[in-house]
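Residues per chain, in single letters:
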Amino acid sequence: MTNAPVTFTATDLDAVLTSGGRPLLLTDATVHTLHPVIGTLEHADVLIGGGLIVGVGPGLVTAAADDGMVVVPATGTTILPAVVDLTAALTGTVHAEGPGTLGPGAPAHLVVVDDADAPDLTAAVGVALTAPGRLRAVLRDGVPLVWDGAVLTPGKGSAATGTDDGGMGRVDPDRVGVWIDTSDFLHQELTADGRYDETRGGRPHAYQGRYWITGDRIEYLDDLGFWAFGQFEGDTLHHAGYTMRRRQA
């Protein structure tokens, strides 16, 4: 018998968005890990931290209070990877920590659907691909992009707190400033309010939008609607083939 799904509430969302980096635990779900050893688990918990799957399986919730986890009940839902490497799946070469699994160490890219929409993995994938309005949640690197069927739009925030980040705009004050590439073509300003503004070849405001930082990874959502990312390595930022360093004041 399938349990009635819980509601992914605005209160739950606020707890996730204001967690201050605490681990997130989704509890009591059917989990299709697509991991070559772990497989599918019933009444399982998924622990997320630092943008990665930290643990998966039954019983993780028993340590929730000890580890200060943000706990979101997921009873009556099915969780599956949001990214699937079809070539790896078809050839049987899935990597345990690859983006196509929910095994420990894999990126926390996942989709949550109701059990009623997911009698098996094929049906769950079909809903994820064709019925976005029926998705309970979508997380990328552990950051909610969809919650209770609603797409989180930057600048809208959540209903319970009225915050203005919509899950975006995590700012690292040590990385705020103007980053300039080695050829002086690209100037990218990261501002303290979670916005970026690019000057390209002397053309100001070539691209503008929101950004957020998780660890050493920066992700961009441009006002034009496209996504991009970069990677910090020490005092260097690598983005779209450019190597940038922050301009000293």
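Right, let's walk through the structure included here. Note that residues are indexed from 1 along each chain, following the sequence as it is written. Totals for whole chains, interfaces and linings use every residue, but because this is a predicted model, local features are given only for residues with pLDDT of at least 70 and side-chain atom pairs only at 80 or more, for both listing and counting. For side-chain calculations, the full set of non-hydrogen atoms in the structure is used, while hydrogens and water are omitted.

1. A few points about the side chain of Thr 30
Note the following rule: Strands are runs of DSSP state E lasting at least 2 residues, helices are runs of H or I lasting at least 4, and numbering of each runs from the N terminus. Summary of the burial criterion: residues with accessible area below 20% of their type's maximum are buried, those above 50% are exposed, and those between are partly exposed, where the area comes from a 1.4 Å probe applied to protein chains only. Counted as a polar contact is a pair of N or O atoms within 3.5 Å, where, for protein atoms, one must be capable of donating a hydrogen and the other of accepting one, and residues adjacent in sequence contribute only when both atoms are in side chains. Whether two residues touch is decided by their heavy atoms; if any such pair falls within 4.5 Å, the residues are in contact.
The residue Thr 30 is located in strand β1 (residues 24-32) in this model. Since its relative accessible area comes to 13%, Thr 30 is described here as buried. A polar atom in the side chain of Thr 30 sits 3.0 Å from the side chain of Glu 42. Ignoring anything within four residues of it in the chain, the contact list for Thr 30 reads Thr 40, Leu 41, Glu 42, Thr 77, Thr 78, Ile 79 and Asp 115.

2. Quick notes on the pairing of strand β14 (residues 217-222)
This is how it is decided: Two strands are said to pair when DSSP picks up at least two bridges between them.
For β14, the tally of buried residues reaches five of six residues, placing the bulk of the element in the interior. Here six bridges tie strand β13 (residues 203-214) to β14, and the two strands are oriented antiparallel to one another. Its bridge partner being in β14, Thr 214 is matched across the sheet by Arg 217. Hairpin geometry of β13 and β14 is characterised by an intervening segment of two residues between the two adjacent antiparallel strands and by a positive phi of about 65 degrees at Gly 215.

3. Quick notes on the side chain of Arg 175
Assignment of secondary structure puts Arg 175 in the loop between β9 (150-151) and β10 (177-181). By relative accessible area, Arg 175 is classed as buried at 13%.

4. Observations concerning the sheet that holds strand β15 (residues 227-233)
Keep this limit in mind: Each axis is a line fitted through C-alpha atoms, taken for helices only over the stretch in contact, and angles between the N-to-C directions span 0 to 180 degrees.
A barrel is described by the order of its strands in space; here eight strands give the closed sequence β10-β11-β12-β13-β14-β15-β16-β17, paired in antiparallel fashion. Between one strand and the next, the sheet's axes are offset by a mean angle of 30 degrees, whatever the strand orientation. Direction of pairing for β15 relative to strand β16 (residues 236-239): antiparallel, over a ladder of four bridges. Bridge assignment links Gln 231 to a residue of β16, and that residue is His 238.

5. Some thoughts on unusual backbone geometry
In the Ramachandran plot, Asp 141 falls in the positive-phi region, its phi being about 55 degrees despite a non-glycine side chain. Assignment of secondary structure puts Asp 141 in the loop between β7 (135-140) and β8 (143-147).

6. Description of the environment of Tyr 196
Here Tyr 196 lies in strand β12 (residues 195-200). Separated by 25 residues in the primary sequence, Tyr 196 and Leu 221 have C-alpha atoms spaced 9.4 Å apart. Residues in contact with Tyr 196, not counting those within four places in the same chain, are Glu 189, Leu 190, Tyr 207, Gln 208, Gly 209, Arg 210, Tyr 211, Tyr 220, Leu 221 and Asp 222. Among the polar contacts made by the side chain of Tyr 196, one reaches the side chain of Asp 222 at a distance of 2.7 Å.

7. Quick word on the packing of aromatic side chains
Here is the rule we go by: Only the six-membered ring of Trp is used, alongside the rings of Phe and Tyr, when aromatic pairs are assigned; centres must lie within 6.5 Å, and planes under 30 degrees apart are stacked while those over 60 apart are edge-to-face, with the rest tilted.
The tally for this structure, following the rule as stated, stands at five aromatic pairs. Centroid distance Phe 8 to Trp 147: 5.1 Å. Interplanar angle 70 degrees. Geometry classified as edge-to-face. Within this pair, whereas Phe 8 is found in the segment before α1 (10-17), its partner Trp 147 is found in strand β8, the two being separated by 139 residues in sequence. Residue Trp 147 is classed as buried on the basis of its relative accessible area of 4%.

8. Regarding the environment of Ile 79
Among the structural elements, Ile 79 can be located in strand β5 (residues 77-81). Distance in space between the C-alpha atoms of Ile 79 and Val 46 is 8.8 Å, their sequence separation being 33 residues. Filtering out sequence-adjacent residues up to four positions away, Ile 79 remains in contact with Leu 26, Ala 29, Thr 30, Val 31, His 32, Val 46, Leu 102, Leu 110, Val 111 and Val 112.

9. Brief notes about the pattern of salt bridges
Let me state the cut-off plainly: Salt bridges are defined as contacts in which a side-chain nitrogen from Lys or Arg sits within 4 Å of a carboxyl oxygen from Asp or Glu.
Inspection of the entire model under this criterion finds ten salt bridges. The partner of Asp 114 in a salt bridge is Arg 136, and the shortest N-O contact between them spans 2.6 Å. You can see Asp 114 sitting in strand β6 (residues 110-114) and its partner Arg 136 sitting in strand β7, a full 22 residues away along the chain. The two residues Asp 114 and Arg 136 agree in class, both being buried. Members of the salt-bridge network, linked through shared partners, are Arg 140, Asp 141, Arg 217 and Glu 219.

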